[in-house]
Each structure stands twice: as C-alpha cells, then as structure tokens.
Amino acid sequence: MSTSSSENNPEDVNHRSFWMPGNYHPTVKRTEDSFQACNDIVACFQERARVERQYAQQLDEWSNKWKPVVDSSPLYGSLLKAWQCFLLSADRLASLHASICRSLVSEDADRVRTWQKDTFHKKLFGGFKETQDIETGFARAQKPWAKRLKKLDKARRAYHKVSRKEHAAKERDFHAQGNPDVSIDKQKKIQEERELAQQEAEKVRARYEKVLEEVNRYVPRYMEEMESVFDQSQDEERRRIVFLKDAFLSIHKHLDVTTNESVIAVYSELHNTLMGIDEQEDLRWWKNTHGPGMPTDWPHFQDYSPKKKSKKGKKEVEKKKGTIEKSVMIGGVRVRALYDYVGQETDELSFKAGEEFLKIEDEDDQGWCRGKKDEGWEGLYPANYVEVV
C-alpha cells in the first residue's frame, strides 16, 4: 500500500526524475555495468566451453569402450554395420563439440575481450575515461540548474514561512473581532499584525514568483544541454548493445548444431545406414557362409590310382616342400593387420590393427584377399592392410 501511494505522489516522482540534481548517475553507471557484463559473458561461455569439451571427451570414451564389444559381437552383416555406425557417428560428434569448445574460447571470448579493451579506457586511479566524460558533461550542464533550484527552494520556504505567519495572524484577528474578552486596543493591535503579515507575505510571494519565472526561463536551455550529454551516452550504449548482439549471434551460430552441415550429415548417414539393414541379404550371407549354401565336396566314387615309385633325391625333396607349402595355402596363411579396417559391404571383413587371422584366398586383380577370423567370420579385405606372420 505504501509503495503504491509513493508511486502516485507527484513530489516523490519528481524527486526520482532524471532532471533533478544527481539523478543522472544511473545513466553514467551504465559504462561500468557494461564492462562488468563483458566479464560475466566471457566467464559464462568459457564454462559452456568446458561443458562442450567434457561432452566430447565422454563421447570418445563411450565410443572407445564399446568398439571392441561391437566388433566382436555375434551380430553380422548390415545389422552389425548399423551398430558400428552409431560409434562412428559419436566419433564425428565428439570432434564437432571439441571444435565448438575451441570456437567459444578462441573466437567468441577473444572477440569480447578485444572489444572490451578497445572500448573501455581505464584511468590511472580507477574508473573509465568514458564514465568521467559523461559524468563531467552532466555535472556541467546541471550545475547552474542546481543553483537556480536551490535559490527557488529558498524562496519557496521563505514564502511558506510568511504564509504560515499570515494564516496565524488571520486566525487571531478572526477570533478577536467581536470578542468582549479582548479589549478594543488589543483587537486593533491584532488587526495591525494581520495587515503587516499580509503585506510581508505578498512581498515574499512576489520574490518567489520572480525566482520561479527565472527558473522556468532557464528550463529549455537546461533540457537542451542535458539531452545533448544524454544522447552522447545513448550513442555509446547503442554501440555496446549492437556489439554484444553480434557477439551473442556468433555464440548462437557456434552452439546451434541443428543447422550444422556436419551434424546433419552424421545423422543422415546414420539414418541411411539403419534404413539399409537388409534382413534378406543378411540371411542369404549366413546361409552361404554358415548354412546350407556353403560349398561342400559331396561323397563320390574315386578311382584307384597306384603311386609311382621314384628315387628319392633333390627333386623329390623339393616336390615334398612344394606340397607342404601348397597345403599351407589351402589351410590358410596366418596374417596380422597393419591398420584398422571397417568393412563397407556385407561381404567384407572388419578388423583392428594388430589383430591376427587366416588368409584363405590369394590376392585378386583388384588387390583383395579373402580372410577368415578365428571365430568364424569370413570376408574380403585389402591385401595391403596385412602382413604375413
């Protein structure tokens, strides 16, 4: 209730008005407030940068933890490829969020710091030159106005004082007239005091009105000078607002991953991979690799062919050696992966650097070999990705 009455009180409103002496200080303080706001903005988004970095690290940790589990899982074909694609997407997103962290620190924060240094000029003994300039301008414009207000207030108080005396004299005269308890001489004296008080009040009122007229004549000039300084302050504040708006838009651009082409590509490829899960193709591969579709040497009649006896010599030793080498190739040659490889098609083999498996077919014209892992996985792989153990 008291707050409402205070707001509706004209004298209280006038007391808080910008035009009253000293009430320009909130406008002057905007410079220091803007400087502090820059510090807060930098600190705020440096903390957000740490969040982005931690998220990138967590994505990396999650992906690295699950890669060996996924690669060795019993899933196969397009279903396995889809699961692996989630981890590959996480790797790419981790890289993206790490770049967001770098942008927030090295671009946005540095930009605000540089602008802050160029815009706010610190004085030797504290404060800013921009604050002093606006403060000095307002103080210079308001000094003659404050002196006139002080003079007007003095005249007003003097007038109110004599008005109270006049009112009291009138009251005494009113009660004395026709009162038998008051002598004629006393009534006459009271009447004279009322007349003197009235004359004094009129004299002081005239002086008060004259001072008020002088103040009102000065108002346009005062308003013009104050508004000139205020416009200067507004112009500086406008430049600060425009810059910080651009800074916020830059931060938004770095944080808004919904329009980032890399993110769109990551989830588009992931979606396409998931939609590419082909149960018929996977079942066909399993049938041909581990089921009825596997090549089989069915039992058939074999003629007897007597072996020819020959002398054991150098040629026979070499022949046996060749036979041994040939049997090794038939059973598979042990190889070790030099690099990581993720199969792009369902008939390709995936492996990690250092992993060992069997090469069961020699390199073809296009540089591909066929291999088989110990757990039974079989597929094509680039010949130059492995070395013989």
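In case you missed it, the structure is sitting above this.
Let me begin by describing the structure that accompanies this report. (Residues numbered from 1 in each chain as written. Predicted model: local features only at pLDDT ≥ 70, side-chain atom pairs only at ≥ 80, totals over all residues. Heavy atoms only, no water.)

A few words now on the packing of aromatic side chains. The tally for this structure, following the rule as stated, stands at 25 aromatic pairs. An angle of 85° between the planes, with centres 5.7 Å apart, marks the rings of tryptophan 115 and phenylalanine 120 as edge-to-face. Here tryptophan 115 and phenylalanine 120 have matching classes, each one buried. Stacked on the ring of tyrosine 218, the Lys or Arg arginine 148 has its end atom at 4.1 Å from the ring centre. (Phe/Tyr/Trp six-rings, centres within 6.5 Å; stacked < 30°, edge-to-face > 60°. Buried < 20%, exposed > 50% of the residue type's maximum accessible area, 1.4 Å probe, protein only. Lys NZ or Arg CZ within 6 Å of the ring centre and 35° of its normal.)

This paragraph deals with the packing of helix 3 (residues 25-71) against helix 6 (residues 184-255). Between two packed helices, what matters for the description is the angle formed by their axes and the separation of those axes. The contact between helix 3 and helix 6 brings their axes to 11 Å, and the two run at 5°. Classified by the interaxial angle, the pair formed by helix 3 and helix 6 is roughly parallel. Of the residues in helix 6, those touching helix 3 at Thr27, Arg30, Thr31, Ser34, Cys38, Ile41, Phe45, Arg48 and Glu52 are Phe230, Ser233, Gln234, Glu237, Arg240, Leu244, Phe248, Ile251 and Leu255. Partitioned by chemical class, the residues of the contact of helix 3 with helix 6 number eight nonpolar, five polar and five charged. (Axes fitted to C-alpha atoms, helices over the stretch in contact; angles between N-to-C directions. Helix = DSSP H or I, 4+ residues; strand = E, 2+ residues; numbered from the N terminus. Parallel < 35°, antiparallel > 145°, perpendicular 65-115°, else oblique. Contact = heavy atoms within 4.5 Å. Nonpolar A, V, L, I, M, F, W, Y, C, P; charged D, E, K, R; others polar.)

The next thing to look at is the pattern of salt bridges. A complete count under the given rule lists 27 salt bridges for this structure. Among the salt bridges present, the one from arginine 48 reaches glutamate 52, with a minimum N-O distance of 3.0 Å. Here the residue arginine 48 and the residue glutamate 52 both occupy positions in helix 3, the gap between them amounting to four residues, near one helical turn. Glutamate 52 sits in the buried class, given a relative accessible area of 6%. Here arginine 157 ties to aspartate 153 by a salt bridge, and the two come within 3.0 Å at their closest N and O atoms. One end of the pair is arginine 157 and the other is aspartate 153, both in helix 5 (residues 129-176) and four residues apart, which spans about a single turn. Among the residues examined, aspartate 153 registers a relative accessible area of 28% and is labelled partly exposed. (Salt bridge = Lys/Arg side-chain N within 4 Å of Asp/Glu carboxyl O.)

Of the two faces of strand 3 (residues 368-372), only the one carrying Cys369 and Gly371 is buried; Trp368, Arg370 and Lys372 on the other face are not. Of the strand pairs in this sheet, strand 2 (residues 356-361) and strand 3 are connected by three bridges, and their pairing is antiparallel. From the neighbouring strand, glutamate 361 faces strand 3, where its bridge partner is arginine 370. Here strand 2 folds back onto strand 3, and the loop between the two strands holds six residues, one of which, glycine 367, carries a positive phi near 85°. (Pairing = 2+ DSSP bridges.)

A grouping of Trp62, Trp66, Val69, Trp83, Phe86 and Leu274 is seen on the molecular surface, where their side chains present a nonpolar patch of about 510 Å² in accessible area. Of all the secondary structure elements, the ones that give two or more residues to the nonpolar patch are helix 3 and helix 4 (77-119). The element contributing the most residues to the nonpolar patch is helix 3, with three residues. In this fold, tryptophan 83 is placed in helix 4. By relative accessible area, which is 32% here, tryptophan 83 ends up partly exposed. (Patch = residues over 30% accessible without salt bridge, like charges linked within 9 Å, V, L, I, M, F, W, Y side chains within 5 Å. Areas by Shrake-Rupley, 256 points an atom, 1.4 Å probe, with all protein chains shown as cover.)

As a further point, take the sheet that holds strand 3. The strand order 4-3-2-1-5 describes an open sheet built from five strands, whose pairing is antiparallel. Because the sheet does not close on itself, it has two edges, and the strands there are strand 4 (378-382) and strand 5 (386-388). The average angle at which neighbouring strand axes cross in this sheet is 45°, direction not considered. With three bridges connecting them, strand 1 (residues 333-337) and strand 5 associate as antiparallel partners. Each bridged residue has a counterpart across the sheet, and for arginine 336 the counterpart in strand 5 is glutamate 387.

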